[in-house]
Amino acid sequence: MTLALGCIADDYTGASDLANTLTRAGLRTVQTIGVPADDLDLPEVDAVVVSLKSRSIEAGLAVARSRAAETWLRGRGAGHVLFKICSTFDSTVSGNIGPVMDALRADGGEAIVLVTPAFPETGRTVYQGNLFVGAVPLNESPLKDHPLNPMHDSNLVRVLARQSRTPIGLVDLATLSRGAEAVRARLAELAGKGIGAAIIDAVFDRDLETIGLVAAGHRLSVGASGIGLGLARALVSTGKVRSATATGGAHAAVGGPAACLAGSCSQATLQQIANAERVMPVLHLNSEQIVAGASEAQRALAWARPQLAEGPVLIASSATPDQVSALQARHGRDAAGHAIEQAMADIAEGLVQAGVRRLIVAGGETSGAVVDRLKIPGFLVGVEIAAGVPVLRAVGAAAGEMLLALKSGNFGGPEFFSDALGLMR
Ligand SMILES: Nc1ncnc2c1ncn2[C@@H]1O[C@H](COP(=O)(O)OP(=O)(O)O)[C@@H](O)[C@H]1O
Ligand SMILES: O=C(O)[C@@H](O)C(=O)COP(=O)(O)O
């Protein structure tokens, strides 16, 4: 297998979002969980997205894991590596976008790296280096209340500079609108001043195509699905990849009981859970009990098991920003998040033991904990449920044939759970 594009995603929902985008743009793509073992049977593909759970871990560990993924991808011929981050630039002052970018840049010997979280299809646009989520700047969006990495600054040049060892520059929309040569000239100018990374504006998909053409001439780029789209289109338009329809075998039905788990506390997910209450039984977990070590997972399983034959169920820990802050004030942010993620993993494991073969998980960190517990080494990409969320078919899972959907907290329409179930047969 010789890869046209190697990708390292800092969480599992983000990885499936990118794998979906690359697939739709004509690249045969597989998503792996971590660096694949040598005996994992991967199909012939153009792109591999290695999923890491590295967004919220200690920066040194995120760097080490990202480097291991990079070595594997480059070893399979990937001339370009995309470090996939969140379209809302989820990170903290200590990382992990800056430290990972710095390390991969040093490894690849890149003078300057293009960085953009723009993903216009989901309302993420960047103008003058400021990230907008829909109509509002990042710091006014629901991301200001994220349980793990609240975002309080929409100026990404500033945000990345705080995390990175290199000075950060800007390629603005006016330059971008003059085309690929103008962008290359601006990058050369910035690199000449010792600037090692540049946030690049992007508002429309056509902007991403210009960015993709320029980025494809480099060894590394950093961004969300939008830059993935640009890179994929560049690889197809320059003939480096022959456009494919879909990776074979991703679409067959698996049947069996279905369940949904929600650990995301995003506004979008809270609305989706409220709407799901009209069409399926929903259990709201007691997060205080989970953190106290009580057997909430067993209670949830006892509640779910007798109902699985009747239809799908949804189990949620999701809470409003005030409730999340109150729990964190009592137990600490990391301890609360970790305990709830592990409870979700316990529940997922129990559900699969009870026969569930179609599983929808809302939340990136939550998905990471669940997929790790289920020991799923990789996914093929199936149909798109909503922008950034495909149906995934597990490859090499301990439980055998399974379909999953890993939903970024912020993605999906108001009826996401029903929409997903309708497509996961
Ligand atoms: N009720 C709650 N109180 C505090 N934290 C919670 C609660 N429910 C879930 N969490 C934690 O919030 C985090 C949500 O992150 P994640 O799953 O990545 O969702 P998103 O995709 O919205 O970012 C996880 O660490 C999860 O365990
Ligand atoms: O780019 C995005 O917004 C998503 O692909 C993503 O990374 C999702 O992260 P979570 O919101 O933490 O699920």
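Thresholds, definitions, all that
- Residues numbered from 1 in each chain as written.
- Chains lettered and ligands numbered in written order.
- Predicted model: local features only at pLDDT ≥ 70, side-chain atom pairs only at ≥ 80, totals over all residues.
- Heavy atoms only, no water.
- UniProt positions renumbered as here; feature names shortened; annotations may be inferred.
- 1 Å grid on protein atoms, 1.4 Å probe; cavity = no way out; pocket = protein on both sides within 12 Å on 5 of 7 lines; lining within 4 Å.
- Points joined across faces, edges and corners; volume = space filled by probe spheres on them.
- Helix = DSSP H or I, 4+ residues; strand = E, 2+ residues; numbered from the N terminus.
- Nonpolar A, V, L, I, M, F, W, Y, C, P; charged D, E, K, R; others polar.
- Domains from an automatic or database assignment.
- Buried area = accessible area lost by both parts, 1.4 Å probe.
- Salt bridge = Lys/Arg side-chain N within 4 Å of Asp/Glu carboxyl O.
- Polar contact = N/O pair within 3.5 Å; in protein donor to acceptor, adjacent residues only side chain to side chain.
- Buried < 20%, exposed > 50% of the residue type's maximum accessible area, 1.4 Å probe, protein only.
- Pairing = 2+ DSSP bridges.
- Axes fitted to C-alpha atoms, helices over the stretch in contact; angles between N-to-C directions.
- Parallel < 35°, antiparallel > 145°, perpendicular 65-115°, else oblique.
- Left-handed = near helix turned anticlockwise from the far one by under 90°.
- Contact = heavy atoms within 4.5 Å.
- Core = buried A, V, L, I, M, F, W, Y, C linked by side-chain atoms within 4.5 Å.

As recorded by an unreviewed UniProt entry, the protein carries the name 3-oxo-tetronate kinase and is attributed to Bradyrhizobium campsiandrae. Checking UniProt for the protein, the heading Sequence similarities (unreviewed entry) contains the comment "Belongs to the four-carbon acid sugar kinase family." According to the UniProt record, the Function (unreviewed entry) comment for the protein reads "Catalyzes the ATP-dependent phosphorylation of 3-oxo-tetronate to 3-oxo-tetronate 4-phosphate."

Visitor: I'm lost on the layout of surface pockets in this one. Help?
Guide: One water molecule sets the probe size; rolling that probe over the atoms shows where empty space is left. Taken as a whole, the largest pocket spans an internal volume of roughly 710 Å³. Contributing to the lining of the largest pocket are 46 residues, with H146, P147, G263, S264 and C265 lying nearest its centre. Of all elements in the fold, only α1 (12–24), α9 (267–276), α12 (321–331), α13 (333–353) and α14 (364–373) reach the threshold of two or more residues within the lining of the largest pocket. In terms of residue class, the lining of the largest pocket is built from 14 nonpolar, 22 polar and ten charged. Both domain 1 (5–237) and domain 2 (258–423) contribute no fewer than three residues apiece to the lining of the largest pocket. Lining the second largest pocket are 19 residues, and of these R55, S56, I57, L148 and D334 sit closest to its centre.

Visitor: Would you mind going over the domain arrangement of the protein with me for this structure?
Guide: One widely used convention gives an interface's size as the accessible area the parts lose upon coming together. Domain annotation of the protein identifies domain 1 (5–237) and domain 2 (258–423). Both sides together, the interface formed by domain 1 and domain 2 hides about 2,600 Å², and carbon and sulfur atoms give 61% of it. Joining domain 1 to domain 2, the criterion identifies two salt bridges. The partner of K53 in a salt bridge is E365, with the nearest N and O atoms 2.9 Å apart. Summed over the shared surface of domain 1 and domain 2, the number is eleven residue pairs in polar contact (both at pLDDT 80 or more). The set of elements that each furnish at least two residues to the side of domain 1 that touches domain 2 consists of α1 and β2 (29–33). Of the residues in the side of domain 1 that touches domain 2, the class split is twelve nonpolar, eleven polar and nine charged.

Visitor: When you look at the pairing of strand β1 (residues 5–9) in this model, what are you seeing that I'm missing?
Guide: Put simply, side chains in a regular strand alternate between the two faces of the sheet. A large share of β1 lies buried, amounting to five of its five residues. Of the two faces of β1, the one carrying L5, C7 and A9 and the one carrying G6 and I8 are both buried. Across five bridges, the pairing between β1 and strand β3 (residues 47–51) is parallel. By the bridge assignment for β3, C7 is matched with V49. As judged from the four bridges shared by β1 and strand β4 (residues 81–84), these two strands associate in the parallel manner. Directly across from C7, in β4, lies its bridge partner L82.

Visitor: I'm lost on the packing of α1 against helix α8 (residues 225–237) in this one. Help?
Guide: What describes two packed helices is the angle between their axes and the distance between those same axes. Interaxial distance between α1 and α8 falls to 9 Å at its minimum, and their mutual angle equals 25 degrees. On the basis of their axis angle, the class for α1 and α8 is roughly parallel. When you trace α1 past α8, the crossing you get is right-handed. Contacts between α1 and α8 pair D17, L18, T21 and L22 from the former with S225, G228, L229 and A232 from the latter. Looking at the contact of α1 with α8 residue by residue, the classes come out as four nonpolar, three polar and one charged.

Visitor: Would you explain the sheet that holds strand β8 (residues 136–137) in this entry?
Guide: Whenever strands of a sheet pair, they do so through backbone hydrogen bonds, lying parallel or antiparallel. Strands sit in the order β6-β7-β8 across an open sheet of three strands; the sheet is antiparallel. Whereas interior strands pair on both sides, the edge strands pair on one side only; in this sheet they are β6 (124–127) and β8. Here four bridges tie β6 to strand β7 (residues 130–133), and the two strands are oriented antiparallel to one another. Residue pairing in the sheet places T125 in a bridge with F132 of β7.

Visitor: Quick question: what am I supposed to make of the UniProt feature "domain: Four-carbon acid sugar kinase nucleotide binding" (unreviewed entry) in the protein here?
Guide: Following the UniProt record, the feature "domain: Four-carbon acid sugar kinase nucleotide binding" (unreviewed entry) maps to residues 260–417 here. Segment residues 260–417 splits into 43% helix and 23% strand. End C-alpha atoms: 7 Å apart.

Visitor: What am I meant to see in the nonpolar core here?
Guide: Counting residues in each nonpolar core, the largest one holds 81 residues, and the members touching the most others are L22, F89, V115 and I199. A domain-level breakdown of this core finds at least three residues from each of domain 1 (5–237) and domain 2 (258–423). Beyond its immediate stretch of four places on either side in the chain, I199 contacts V115, V126, G129, L156, V157, L160, I168, G169, L170 and V171. Counting 39 residues, the second largest nonpolar core, distinct from the first, contains I33, V356, L374 and F379.

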